[in-house]
Amino acid sequence: MRRPGLRARVTAGFAVGALVLSAAMAGLSYELTSRTLLASRERTAVRAAYQDASVVQAGLAAQPSDIVAVLRSLDTGGNRRAVLRRDGSWYARNADVGLTEAVPASLQQLVERGRPGAQRVRTDTGPAVVIGVPLPDSTGFYVVDSMQELDHALRVLALVLTLVAAVTTASGAGLG
């Protein structure tokens, strides 16, 4: 069996070096970017949930009998969906299409103990963050905030970084 020549070994060495370097940089870039974007998105979702919770709390104090009307008064846009749990019953502004199933039992228990919390989950429509805020009278307010657009952006970023790593590897081989 014949060993590869010097040119082939140098080319392979440059290609492997470029691959390792570009893969490490792509992985690090993806990790830092995704952590930053996810944390920022979660902070925004928590702020919005607390604002919605204060609106719901004020609405329940003013008209405690019409919970659905209070929930419908919220401006949740297209990404956020709000539900309320009171006395073991769930209330939503529209028909519940699996929304209450998206609220993890561990988060419900935390809110029942009077502590707010947030948890990332996967729903039928994609990734989301669920924020739970305890309200007076053993009421729990939950917001399911879709992170579908962020998930899509991170997938595009991963694809771009993979392509850059491939081009860098090919360039390293060409340079070698």
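Note: the structure precedes this text.
Since this is a predicted model, take the numbers as computed values, not measurements.

(A) Structural detail: the nonpolar core. Val56, Leu71, Leu84, Leu135 and Phe141 are the most contacted members of the largest nonpolar core, which has 20 residues in total. Contributing elements (two or more residues each) for this core: helix H1 (6-62), helix H2 (67-72), strand E1 (80-86), strand E4 (126-135), strand E5 (139-146) and helix H4 (148-175). By residue number, the principal contributor to this core is H1, which donates five residues. Those residues in contact with valine 56 that sit more than four places away from it in its chain are Val70, Leu71, Leu74, Leu84, Leu135 and Phe141. Core analysis: the second largest hydrophobic core is formed by 13 residues, Val103, Leu110, Val111 and Val144 among them.

(B) How the structure looks around the sheet that holds strand E3 (residues 117-123). Taken together, the five strands give an open sheet; going across it, the order is E2-E1-E5-E4-E3, and neighbouring strands pair in antiparallel fashion. Two strands bound the open sheet, and with one partner strand each, they are strand E2 (89-92) and E3. Neighbour-to-neighbour, the strand axes of this sheet turn through a mean angle of 25°, independent of strand direction. With respect to the sheet, H1 is in contact with E1, E3, E4 and E5, its orientation differing from that of E4 by roughly 40°.

(C) How the structure looks around the pattern of salt bridges. Tallied over the entire structure, the rule returns eight salt bridges. Here glutamate 31 and arginine 35 are joined by a salt bridge, their closest N and O atoms 2.8 Å apart. Here arginine 35 and glutamate 31 lie together in helix H1, a separation of four residues that amounts to about one turn. The class of glutamate 31 is partly exposed, set by a relative accessible area of 34%.

Cut-off values and rules
- Residues numbered from 1 in each chain as written.
- Predicted model: local features only at pLDDT ≥ 70, side-chain atom pairs only at ≥ 80, totals over all residues.
- Heavy atoms only, no water.
- Core = buried A, V, L, I, M, F, W, Y, C linked by side-chain atoms within 4.5 Å.
- Buried < 20%, exposed > 50% of the residue type's maximum accessible area, 1.4 Å probe, protein only.
- Helix = DSSP H or I, 4+ residues; strand = E, 2+ residues; numbered from the N terminus.
- Contact = heavy atoms within 4.5 Å.
- Pairing = 2+ DSSP bridges.
- Axes fitted to C-alpha atoms, helices over the stretch in contact; angles between N-to-C directions.
- Salt bridge = Lys/Arg side-chain N within 4 Å of Asp/Glu carboxyl O.

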